[in-house]
Amino acid sequence: MMTKDELIDKLKGIIAPYVQDEAAFKALTEDTDFVKDLKINSANLVDIILDIEDEFDIILENDDMEQMLTVKSAMAIVTGKLKD
Amino acid sequence: MVGNDIVDLQEARQSRWEDPRFLDKLFTVEEQQYIKATRDSFTAIWHLWSMKEAAYKLHVQQYPCRFYAPKAFVCHCESSPHRVHYGAFVYYTTTKITAHYILSEARCQTAKMSSVCLPLVRTAHEFQSQKTRRQLLDEVAKIYGFTSTGLTLKTTELGVPKLYYNAKPLDIGVSLTHHGRYGAYAIS
């Protein structure tokens, strides 16, 4: 079982290439918003979703994607999928 | 009201657009058939994507909320005018495709494209955002005869841009977009 910190670290590694606000990335918390805070282009959100699927060997459905706007929601979705 | 979206094709090439799962996450079966049937699938993908994104940006101005459901915004390009359906909502789109970028604009009624594209020399997000905003404000000031010092642009919690003149909200719909080396603004 992965700890919360390990999960955040893995997610940070995935989103790093798409981040456009480095200061917000350095200050990243669970409440950080991918688009509003990190200024990630919406065209890249799907790349992040595919990278998450590959990293954790999970499949994300449309309903999962719909909520995937913050670090917290990404963590909840990944954790839920890993339990299944 | 207006929503717009620009895609820098050079940036778009860096994405995972060739992965079949990429198509499946963003596009309906019919849209995927349309993409595969065209000679230039790359351009078709980003054409449809920019239509969906422009329509989403228009939709959230009317019904404030935030979500990521590109597949639920369904493109219809088989006849003119092009449309994007989202549930019972229908938005009309126009698109400009060049060798460097694709720019789409969505409206509630059919209309000619009003978006103005500007090349951006620096790709830093902050610079692009400021530059596109500045150009939009200058244009609004010119059209309506406002002094540019009294004119401000604020973005709501949900990411919707709103114009103010001397702190009073203005009833002018605007949309801003930037990606890679290009920005664009629209005024309705």
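Residues numbered from 1 in each chain as written. Chains lettered and ligands numbered in written order. Predicted model: local features only at pLDDT ≥ 70, side-chain atom pairs only at ≥ 80, totals over all residues. Heavy atoms only, no water.

A general trend in soluble globular proteins is that nonpolar side chains are found buried together. By size, the foremost hydrophobic cluster in this structure holds 64 residues, and its most contacted members are A:Phe34, A:Leu38, A:Ile40, A:Ile52, B:Trp46 and B:Tyr68. For this core, the element with the most residues is helix 4 (residues 41–62) of chain B, which contributes twelve residues. Discounting chain neighbours no more than four positions away, the residues touching A:Ile52 are A:Leu11, A:Ile14, A:Asp57, A:Ile58, A:Leu60, A:Met68 and A:Val78. Among the nonpolar cores identified, the runner-up in size contains 16 residues, and B:Leu118, B:Leu120, B:Leu136 and B:Ile172 belong to it. (Core = buried A, V, L, I, M, F, W, Y, C linked by side-chain atoms within 4.5 Å. Buried < 20%, exposed > 50% of the residue type's maximum accessible area, 1.4 Å probe, protein only. Helix = DSSP H or I, 4+ residues; strand = E, 2+ residues; numbered from the N terminus. Contact = heavy atoms within 4.5 Å.)

This paragraph deals with the domain arrangement of chain B. Residues and elements named next belong to chain B. You can read the domains of chain B as domain 1 (3–110) and domain 2 (118–187). Each of domain 1 and domain 2 was reduced to a C-alpha centroid, and the two centroids are 23 Å apart. Contacts between the two partners involve 20 residues from domain 1 and, on the opposite side, 17 residues from domain 2. For the interface between domain 1 and domain 2, the tally reads one salt bridge. Between Asp8 and Arg181 there is a salt bridge, with the nearest N and O atoms lying 2.7 Å from each other. Viewed at the interface, domain 2 and domain 1 are joined by six residue pairs in polar contact (both at pLDDT 80 or more). Counting only elements with at least two residues in the side of domain 1 that touches domain 2, the list comes to strand 1 (3–8), helix 1 (9–12), helix 4 and strand 5 (101–107). Sorting elements by how many residues they give to the side of domain 1 that touches domain 2 places strand 1 first, with six residues. In terms of residue class, the side of domain 1 that touches domain 2 is made up of eight nonpolar, five polar and seven charged. (Domains from an automatic or database assignment. Salt bridge = Lys/Arg side-chain N within 4 Å of Asp/Glu carboxyl O. Polar contact = N/O pair within 3.5 Å; in protein donor to acceptor, adjacent residues only side chain to side chain. Nonpolar A, V, L, I, M, F, W, Y, C, P; charged D, E, K, R; others polar.)

As a further point, take helix 3 (residues 42–56) of chain A. All names here are of chain A. The first and last C-alpha atoms of helix 3 sit 22 Å apart over 15 residues, in line with the 21 Å expected at 1.5 Å per residue. Of all 15 residues that make up helix 3, 13 are buried, and the element is covered over most of its length. The positive-phi residue at the C-terminal boundary of helix 3 is Asp57, with phi of around 55°. (Expected span 1.5 Å × (residues − 1).)

So, about the interface of chain A and chain B. Opposite the 21 residues of chain A that make contact, chain B presents 21 residues. At the boundary of chain A with chain B, the tally comes to seven salt bridges. Across the pair B:Arg21 and A:Asp54 runs a salt bridge, and its minimum N-O distance is 2.7 Å. Our count for the contact surface shared by chain A and chain B stands at twelve residue pairs in polar contact (both at pLDDT 80 or more). For the side of chain A that touches chain B, the secondary-structure elements that each account for two or more residues are helix 3 and helix 4 (62–67) of chain A. Counting residues per element, the side of chain A that touches chain B draws most heavily on helix 3 of chain A, which supplies ten residues. When grouped by side-chain class, the residues that make up the side of chain A that touches chain B number nine nonpolar, four polar and eight charged.

Residues and elements named next belong to chain B. Inspection of every chain in the model, using the stated rule, returns 19 salt bridges over all chains. We note a salt bridge from Arg107 to Glu105, for which the minimum N-O separation is 3.1 Å. Each member of the pair, Arg107 as well as Glu105, carries the same accessibility label: buried.

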